[in-house]
Amino acid sequence: ENSHIQQDMERLQNCFAGFRQKYRLIKRIGEGTFSTVYKAEDLLYDSYDNSWDLDKEAEKWSPPPLKNNTQDYHSQSQSHRRRKPKYVAVKKIYVTSSPSRILNELELLHDLRGCKSVCPLITAFRWTDQVVAVLPYFRHADFRDYFRDMTVPDMAIYLRSLFTALASVHAHNILHRDIKPTNFLYDPSSRRGVLVDFGLAEREGYDCKPCVCHDDPSIRKAKLRPLVNRDEKGGYPREDTRPSRRANRAGTRGFRAPEVLFKCTEQTTKIDVWSVGVILLTILSRRFPFFNSADDVEAMIEIATIFGRQRMQAAALLHGCMLETSIPTIGKSGFSFEGIILWSTSRSETKDKIAEDEKLAIQFLKRCMELDPSRRISAEEALQHEFLQMGLE
Ligand code: ADP
Ligand code: MG
């Protein structure tokens, strides 16, 4: 296993001319579906301080000032004998990713340079079909190691940082599409985080057809067609002749918003807010992963179990879907978040009380997990919410 990683690192360093003069690969830090990420030392970057100051970084990656300070900066630091290493994350994108997908990720990152709490792109290079992106290395802890210990104010600070990133991403009309703990690198000791991984991100309104959820309720009703056509006898037809509905469903299991599951063809930035809601529910309930579905139907069942049949059916209708179920665990009106959180943290609904600050967190959770995206809180509004204001104290 280890020698296999070493071999991969060797191959990467040999692939690009001059790579060894610029970067020294240290270790593998991430391996996902679309890439392998390595920690590396930036050999040409001289600096006195060890940690990336993200605000300073953001300034640096925004359009350069008229006066060019970079030269002075380098000559100054070279005259200084002691040099602290500067680290970068080298993201090797798998050759199986389509060129348009890779270009999309790099283009969006380029658009988002200078956004607070978004990990900036330093550079990227390509040799034949191999593309590598270089990002400043951000020290972070594994979500599984800290989420159980988070206090309510800790949650507010964490989410404030995440929503700060999302507010600027959304202001650029970009949907991240894959909000989850492994894509938000958070350092509990400095209480700062950066959003990474724009591999599934897309521009709002790009590649979308009108969905009835944007229609007037009366028009929506008229257009309604059942998810399953019954024949005259009330049975299910052998063959479904209706045209299939296609919608972008990219994202991670358990974090997909209901409108994604219902194949809404006009998805908005609100899908990211739902995913943040799932993260908050995870932290409050101390359960990770909170949702654990194998496919979209199971995911619908999980959400329906919480919200109840009635509200889930209304949410389906919003996107022109009829939802029918006889699953006994899906009640008519579901469960309250308070009940779920007490139960999952082994507290009793009758004996234990929810603290005031926890109540505020749950109130905020409900705003993030509104089934109807048009009623769900936006990232910008979230930053103004009393709960996230707590993160400022
Ligand atoms: P993928 O598309 O394969 O999920 P990501 O961009 O999410 O790629 O990176 C995968 C993992 O690599 C992250 O979850 C994180 O652990 C690590 N990583 C990515 N970027 C950085 C960075 N800038 N600093 C530190 N670690 C990083
Ligand atoms: Mg990722």
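Further up the page is the structure itself.
Reference entry: report on the structure contained in this document. Treat the numbers as computed from the prediction; the structure is a model and nothing was measured. (Residues numbered from 1 in each chain as written. Chains lettered and ligands numbered in written order. Predicted model: local features only at pLDDT ≥ 70, side-chain atom pairs only at ≥ 80, totals over all residues.)

## With respect to the site of ligand 1
- Looking at ligand 1, there are 19 residues lining it, with Gly 30, Gly 32, Val 37, Ala 89 and Asp 197 nearest.
- Where the shell around ligand 1 is concerned, the elements lending two or more residues are strand E1 (23-31), strand E2 (35-42), strand E3 (87-93) and strand E5 (130-136). (Near = placed C-beta within 6 Å. Helix = DSSP H or I, 4+ residues; strand = E, 2+ residues; numbered from the N terminus.)

## Concerning the packing of helix H10 (residues 270-285) against helix H13 (residues 356-368)
- Where H10 meets H13, the axes come as close as 8 Å, and the angle between the chain directions of the two elements is 150°. As summarised for this structure, H10 and H13 are arranged roughly antiparallel, according to the angle between their axes. Here H10 and H13 pass one another in a crossing that is left-handed. Contacts from Val 273, Trp 274, Val 276, Gly 277, Leu 280, Leu 281 and Leu 284 in H10 reach Ala 361, Leu 365 and Cys 368 in H13.
- Looking at the contact of H10 with H13, its residues break down into nine nonpolar, one polar and no charged. (Axes fitted to C-alpha atoms, helices over the stretch in contact; angles between N-to-C directions. Parallel < 35°, antiparallel > 145°, perpendicular 65-115°, else oblique. Left-handed = near helix turned anticlockwise from the far one by under 90°. Contact = placed C-beta atoms within 7 Å. Nonpolar A, V, L, I, M, F, W, Y, C, P; charged D, E, K, R; others polar.)

## Examining the sheet that holds E2
- With antiparallel pairing, the five strands of this open sheet are ordered in space as E1-E2-E3-E5-E4. Each end of this open sheet is capped by a strand with a single partner; those strands are E1 and strand E4 (123-127). In this sheet, adjacent strand axes meet at a mean angle of 25° when their direction is disregarded.
- Packed on one face of the sheet, helix H1 (residues 2-15) meets E1, E2, E3, E4 and E5 and runs near 130° to E1. (Pairing = 2+ DSSP bridges.)

## Quick word on the environment of Gln 13
- For Gln 13, the location among the structural elements is in helix H1.
- Through-space distance from the C-alpha of Gln 13 to that of Lys 270 is 40 Å; in sequence the pair is 257 residues apart.
- Residues in contact with Gln 13, not counting those within four places in the same chain, are Phe 19, Arg 20 and Leu 25.

## Some remarks on the pairing of E2
- Pairing analysis gives seven bridges linking E1 to E2, with the strands arranged antiparallel. Note that in E2 the partner of Gly 30 across the bridge is Val 37.
- Strand direction decides the pairing type here: E2 and E3, joined by seven bridges, are antiparallel. Within the sheet, the bridge partner assigned to Ala 40 lies in E3 and is Val 88.

## Section: helix H12 (residues 337-344)
- Along H12, the residues classified as buried are Phe 337, Ile 341 and Leu 342. Taken down its axis, H12 places every buried residue within 130° of arc, on the same side.
- Looking at the packing, one finds that the buried side of H12 touches H10 and H13.
- Just downstream of H12 lies Ser 346, where phi reads positive at about 55°. (Buried ≥ 20, exposed ≤ 12 C-beta atoms within 10 Å, placed from the backbone. Arc of directions from axis to C-beta.)

## With respect to the nonpolar core
- Of all hydrophobic cores here, the largest spans 93 residues; its most connected members are Leu 159, Leu 162, Leu 280, Leu 365 and Cys 368.
- Look past the residues within four positions of Leu 365 in its chain and what remains in contact with it is Gly 277, Leu 280, Leu 281, Leu 284 and Phe 337. (Core = buried A, V, L, I, M, F, W, Y, C linked by C-beta atoms within 7 Å.)

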